[in-house]
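# Structural description and commentary
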Amino acid sequence: QVQLVESGGGLVQAGGSLRLSCAASGSIFSINAMGWHRQAPGKQRELVAAITSGGWTTYADSGKGRFTISRDNAKNTVYLQMNSLKAEDTAVYYCNADLLDFYSRRYDYWGQGTQVNVSS
């Protein structure tokens, strides 16, 4: 079993910053990509940013220049630094991990989500 636990969400004023964390634990042999997605009310879940084990990153246009994804491979943890937050960033943020267990089985696990509210 694998668990992804997110933290760091909350309420912030527009223009402020938040740092989300997501720690993966359990029967993990290796983690390839980790990412952050978000889902706003009435909208589909969308990719925010992703990072591979080698440090290659990709961002949605909405977060370029404002969000930074990083990871600590030793801790199986991914971070999302969000600056210059806007009201439209309000959403539930989910992390996910593309990983291999000790039997070389590949899984895509998701966290339970953390709420981010940006007041205008």
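As a reminder, the structure under discussion sits directly above these lines.
Residues numbered from 1 in each chain as written. Predicted model: local features only at pLDDT ≥ 70, side-chain atom pairs only at ≥ 80, totals over all residues. Heavy atoms only, no water.

## Considerations on the side chain of Arg66
As a reminder of what qualifies: Runs of H or I in DSSP of at least four residues are treated as helices and runs of E of at least two as strands, each being numbered from the N terminus. Whenever two N or O atoms come within 3.5 Å, that pair is a polar contact, provided that in protein one can donate a hydrogen and the other can accept it, and provided that, for residues adjacent in sequence, both atoms are side-chain atoms. Note on contacts: a residue pair is in contact if any heavy atoms of the two residues lie within 4.5 Å.
Among the secondary structure elements, Arg66 is positioned in the loop between strand E6 (57–59) and strand E7 (67–72). For Arg66, the side chain forms a polar contact with the side chain of Asp89, separated by 2.8 Å. Setting aside chain neighbours within four positions, we find Arg66 in contact with Gln81, Met82, Asn83, Ser84, Leu85, Lys86 and Asp89.

## Observations concerning a nonpolar patch on the surface
Note the cut-off: Exposure above 30% relative accessible area and no salt bridge define the residues that can form patches, which grow by joining like charges within 9 Å and nonpolar side chains of Val, Leu, Ile, Met, Phe, Trp and Tyr within 5 Å. Note on areas: these come from Shrake-Rupley sampling with a 1.4 Å probe, and a residue is covered only by the protein chains present in the view. In what follows, salt bridge is the name for a side-chain nitrogen of Lys or Arg lying within 4 Å of a carboxyl oxygen of Asp or Glu.
On the surface, a cluster of nonpolar side chains totalling about 440 Å² of accessible area is made up of Phe29, Phe102 and Tyr103. Checked against the element boundaries, Phe29 lands in the loop between strand E3 (18–26) and strand E4 (30–39).

## Notes on the pairing of E7
The following threshold applies: Using a 1.4 Å probe on the protein chains alone, a residue whose accessible area is under 20% of its type maximum counts as buried, one over 50% counts as exposed, and one in between counts as partly exposed. When DSSP finds two or more bridges between two strands, those strands count as paired.
Every second residue of E7 is oriented toward a common face, the buried set being Phe67, Ile69 and Arg71 and the non-buried set Thr68, Ser70 and Asp72. Summarising the sheet, E7 and strand E8 (residues 77–82) pair through six bridges and their orientation is antiparallel. Within the sheet, the bridge partner assigned to Thr68 lies in E8 and is Gln81. What sits between the antiparallel neighbours E7 and E8 is a turn of four residues, in which Asn76 has the positive phi angle 50°.

## Some words on the pattern of salt bridges
Overall, the coordinates contain six salt bridges when judged by the stated rule. Across the pair Arg38 and Glu46 runs a salt bridge, and its minimum N-O distance is 2.8 Å. The exposure class of Arg38 is buried, given its relative accessible area of 6%. The residue Asp89 makes a salt bridge to Arg38 at a minimum N-O spacing of 2.9 Å. One end of the pair, Asp89, is in the loop between E8 and strand E9 (91–100); the other, Arg38, is in strand E4, with 51 residues separating them in the sequence. Residue classification places Asp89 among the buried positions, given a relative accessible area of 0%. Salt bridges sharing common partners tie together Arg38, Glu46, Arg66 and Asp89.

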